[in-house]
Amino acid sequence: MKGQAGQGAAGTLLIEDALKKIVYRDGSKGQKAEKKKGMIPMGSHSVFGDFPQDYMPGELKLALKSSNGFRKSFSNPSLPKADVNVFAGGPTRPTTVPSVPPRAGAVNRRPVAQSEFRKFYDRGDLPIQIFHGAVGGKIAWKVDVEKLDYHHYLPIFFDGLREKEDPYRFLAVQGTYDMLAQGGAKILPVVPQLIIPIKTALNTRDPELMCTMLKVLQALVLSADMIGEALVPYYRQILPVFNIFKQKHLNLGDKIDYSQRKRLNQGELINETLEILELHGGEDAFINIKYMIPTYESCLVNS
């Protein structure tokens, strides 16, 4: 079994979670709080599956029900539904009209659905395990990474990038970086299968998941030749979310941002990713980026 040396991106996420537990001791920003809100999957009750609903506690029933989908409209959760029967033609009750236009909710977080990576890992179908050594942040591969079937495994690992619970998140992030670092020519034919996992993770609007996916997207473009050009036809699926969060920068004034090394600024990561896509996307990259993001300016001066 082979372990990866050095502190990777997955280990950085583990350190960030430990820091959050120290800062927010009341648990207001932990995984339990997000599970109660229905923002991340609840997970299995035991290794043998879930308990029947008749035997579940009341709080668990409510949390499970809220995690299955949207509870209220993101555009205006406080606006009640209008009881209007247009086709009947009969009298209807008066509807509530908001005094101000409702918020669109384009930047609101969406609930994160359970990924295929979690299912495959729980069944033991993935050739990875955690490397329990003196230093954390490592995984052990049961087979050589070069011998893996990238058409099968790489989309599964990309789908697991939207996980926020360990060990799924840790294994998915670190495993993705390992496969991209050692994939070579195997990565290019798999690019069409990666678009749906990338789009799904970006559409969650979750800042942590978006930053993780943006970093992985940069590593994907730089991992082999022609990948940047292969992504150009899929800009219409990937870039709409970029256009929403492109101007989301930290307004610190004259203060110092000591967390720059963590690379968690969405606006800067989006600009970096767009520049990498333009540099490695060929001659048609800029015009396609400009079509989806009109405020983007080319990083090539003499283009």
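Right above here is the structure, for reference.
Notes on the structure follow. (Residues numbered from 1 in each chain as written. Predicted model: local features only at pLDDT ≥ 70, side-chain atom pairs only at ≥ 80, totals over all residues. Heavy atoms only, no water.)

## Quick look at the packing of aromatic side chains
Threshold: Pairing of aromatic rings covers Phe, Tyr and the six-membered ring of Trp, with a centre-to-centre limit of 6.5 Å; geometry is then stacked below 30 degrees between planes, edge-to-face above 60, and tilted otherwise. Numbered from the N terminus, helices here are DSSP runs of H or I no shorter than four residues, and strands are runs of E no shorter than two. Per-residue accessibility, obtained with a 1.4 Å probe over protein chains only, is compared with the maximum for each type, and a residue is labelled buried under 20%, exposed over 50%, and partly exposed between these values. Cation placement over rings: the criterion is NZ of Lys or CZ of Arg within 6 Å of the ring centroid and within 35° of the ring normal.
Counted according to the given criterion, the structure contains 5 aromatic pairs. Taking 6.4 Å as the distance between ring centres and 5° as the angle between the ring planes, the aromatic pair formed by F117 and Y121 counts as stacked. Note that F117 and Y121 are positioned in helix α4 (residues 116-123) at a spacing of 4 residues, about one turn of the helix. Using a relative accessible area of 24% as the deciding quantity, one classes Y121 as partly exposed. With 5.7 Å between their ring centres and 35° between their planes, W141 and F157 make a pair best called tilted. With W141 in strand β3 (residues 139-141) and F157 in helix α5 (residues 150-159), this residue pair connects regions lying 16 residues apart in the sequence. You can call F157 buried: its relative accessible area is 0%. The positively charged end of R123 is found above the aromatic ring belonging to F120, 4.8 Å away from the centroid.

## Remarks on unusual backbone geometry
A cis geometry characterises the amide bond from D166 onward to P167, with omega recorded as 10°. Examined against the element boundaries, P167 turns out to sit in the loop between α5 and α6 (168-183). Of note in this structure, R205 is not a glycine but carries a positive phi near 60°. Along the polypeptide, R205 turns up in the loop between α7 (191-202) and α8 (207-223). Overall, the relative accessible area of 14% leaves R205 in the buried class.

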